[in-house]
Amino acid sequence: MPLVTVAPAGTTVGVRSGETIVEGLRRAGWRSRYRCRRGGCGICKCRVLSGAVTYPVPVAESALSAADRAAGLCLPCQAVPLGDVVVEQRERDLRPMLASGPRTAFRNPEKR
């Protein structure tokens, strides 16, 4: 299971085979910046600091240009890690989800 680390927060999550970075973060209880989740808007664009990603479907040049790719940028809503990766997002772009999810399993039932 590849690990995705989000800098500068230092949050690390495991990503299942074929799962995108955004899907892995959401499954682990984190919300990151995205809008369309189809790779068309470019809102989620972030820098890959280490590791490599692939895209199972073609990504629009308007959302991620050749210059963006050369600069190390990716679209985490469509990017599937090829191994462990470190991506850089602004600190406010990664936050815990408030809705129920994997994090609810760690709540102490005695504190209700």
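So, a few notes on the structure that sits alongside this text. Everything numeric here is computed off the predicted structure, so don't read it as measured data.

Let's talk about the sheet that holds strand β8 (residues 85-88)
Across the sheet, 5 strands lie side by side as β2-β1-β8-β4-β6; this open sheet has mixed pairing. Looking at strand neighbours, the two that pair on one side only are β2 (11-14) and β6 (73-74), the edges of this open sheet.

As for the nonpolar core
Among the nonpolar cores identified, the biggest contains 24 residues, and V4, I21, L25, Y55, L75 and V87 are the most heavily contacted of them. Secondary-structure elements contributing two or more residues to this core are β1 (3-7), α1 (21-27), β4 (46-50), β6 and β8. Ranked by residues supplied to this core, first place goes to α1 with 3 residues. When residues no more than four places from it in sequence are discounted, the contact partners of V87 are V4, T5, V6, A7, I21, C46, R47, V48 and L49.

Thoughts on the pattern of salt bridges
Counted according to the given criterion, the structure contains 2 salt bridges. Residue E19 pairs with R27 through a salt bridge whose shortest N-O separation is 2.9 Å. Classification of R27 by relative accessible area gives partly exposed; the value is 25%. The closest approach of N and O atoms between D68 and K45, which form a salt bridge, is 2.9 Å. Of the two residues, D68 sits in helix α2 (residues 66-70) while K45 sits in the loop between β3 (30-32) and β4, which places them 23 residues apart along the sequence. Taking the relative accessible area as the measure of exposure, K45 reaches 27% and is therefore partly exposed.

Describing the pairing of β8
Here β8 shows a buried face lined by V85 and V87 and an unburied face lined by V86 and E88. Here β1 pairs with β8 via 4 bridges, running parallel. From the neighbouring strand, T5 faces β8, where its bridge partner is V86.

Focus on unusual backbone geometry
In this model, A7 is joined to P8 through a cis peptide bond whose omega is 5°. Checked against the element boundaries, P8 lands in the loop between β1 and β2.

Reading the values: the criteria
Residues numbered from 1 in each chain as written. Predicted model: local features only at pLDDT ≥ 70, side-chain atom pairs only at ≥ 80, totals over all residues. Heavy atoms only, no water. Pairing = 2+ DSSP bridges. Helix = DSSP H or I, 4+ residues; strand = E, 2+ residues; numbered from the N terminus. Core = buried A, V, L, I, M, F, W, Y, C linked by side-chain atoms within 4.5 Å. Buried < 20%, exposed > 50% of the residue type's maximum accessible area, 1.4 Å probe, protein only. Contact = heavy atoms within 4.5 Å. Salt bridge = Lys/Arg side-chain N within 4 Å of Asp/Glu carboxyl O.

Read these as spatial facts, not as claims about activity.
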